[in-house]
Structures are given as C-alpha cells and as structure tokens.
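Read off the chains here:
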Amino acid sequence: MKDRYLSVDQVAELLGTSARFPRRLVAERRITFVKVGRHVRIPESAVDAYITEHTVEPISCRTSRLKAVA
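Residues numbered from 1 in each chain as written. Predicted model: local features only at pLDDT ≥ 70, side-chain atom pairs only at ≥ 80, totals over all residues. Heavy atoms only, no water.

1. Quick look at the overall build of the protein chain
Move 1: Along its length, the protein chain carries 3 helices and 3 strands.
Move 2: Along the protein chain, helices (α) and strands (β) appear in the sequence β-α-α-β-β-α when read from the amino end.
Move 3: Looking at the protein chain residue by residue over its 70 residues, the buried ones come to 23%.
Move 4: Restricting to contacts in the protein chain with at least 6 residues of sequence separation, those with at least 24 account for 45%.
Move 5: Looking at the protein chain as shown, the accessible area adds up to about 6100 Å², and 53% of this sits on carbon and sulfur atoms. (Helix = DSSP H or I, 4+ residues; strand = E, 2+ residues; numbered from the N terminus. Buried < 20%, exposed > 50% of the residue type's maximum accessible area, 1.4 Å probe, protein only. Contact = heavy atoms within 4.5 Å. Areas by Shrake-Rupley, 256 points an atom, 1.4 Å probe, with all protein chains shown as cover.)

This is the structure in structure tokens:
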C-alpha cells in the first residue's frame, strides 16, 4: 500500500490544530517529512506514528488511600 503525502494544512486539519503546529514539528525535526521543491509533504504514516507515540493511556482506577473523616 502506497503512503499518501499530506500538505501542512492537511496535517493540521487531521490533528485539529492550526498550520503552525505541523510547521513547528517539521522545523524542529520531530516528524518525518519530504521536501518537494519548496513544498513540504508529510507521509500519512508519519502522522499516524506521531499520534501513536504521543498517545497517553489513562491510568487504571486505584482505590482511594484516603480515610474517611468522621
């Protein structure tokens, strides 16, 4: 299966952010990208990997260690 290459605006829409956020990820080299002339394209798989890598799982319920005060 071929990877789709997304524009910065498409990545921003996918992540629900402004275009500034994916541009910052590219500038800081925190996400894989491809330069096509002066254009920047981000592989869809890189966006999926970024989301997976930064997903925070909820902690399991813990019993309360606080004692009831009468």
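2. A look at helix α2 (residues 20-27)
Along an α-helix, residues three or four apart share an orientation, since each turn contains 3.6 residues.
Move 1: Among the residues of α2, those classed as buried are Pro22, Leu25 and Val26. Buried positions in α2, seen along its axis, are confined to an arc of 100° and lie on one side of it. Turned more than 90 degrees away from the buried face of α2 sit Arg20 and Ala27, all of them exposed.
Move 2: Contacts from the buried residues of α2 go to α1 (8-15), β3 (39-43) and α3 (44-53). (Arc of directions from axis to C-beta.)

3. Points about the nonpolar core
Move 1: Formed by 13 residues in total, the largest nonpolar core has its most connected members in Val11, Val26, Ile31, Val40, Ile42 and Val47.
Move 2: Counting residues per element, the ones that place at least two in this core are α1, α2, β3 and α3.
Move 3: Residue contacts for valine 47: discarding those within four places in its chain leaves Leu6, Val11, Leu14, Leu15, Ile31 and Ile42. (Core = buried A, V, L, I, M, F, W, Y, C linked by side-chain atoms within 4.5 Å.)

4. Notes on the pattern of salt bridges
Move 1: In the structure shown here, the tally under the stated rule is 3 salt bridges.
Move 2: One salt bridge in this structure joins arginine 4 and glutamate 44, with 3.7 Å as the shortest N-O distance. Here arginine 4 is found in the segment before β1 (5-6), whereas its partner glutamate 44 is found in helix α3, with 40 residues between them in sequence.
Move 3: For arginine 4, a relative accessible area of 47% gives the class partly exposed.
Move 4: Measuring nitrogen to oxygen at the nearest pair gives 3.8 Å for the salt bridge that ties glutamate 28 to arginine 24. (Salt bridge = Lys/Arg side-chain N within 4 Å of Asp/Glu carboxyl O.)

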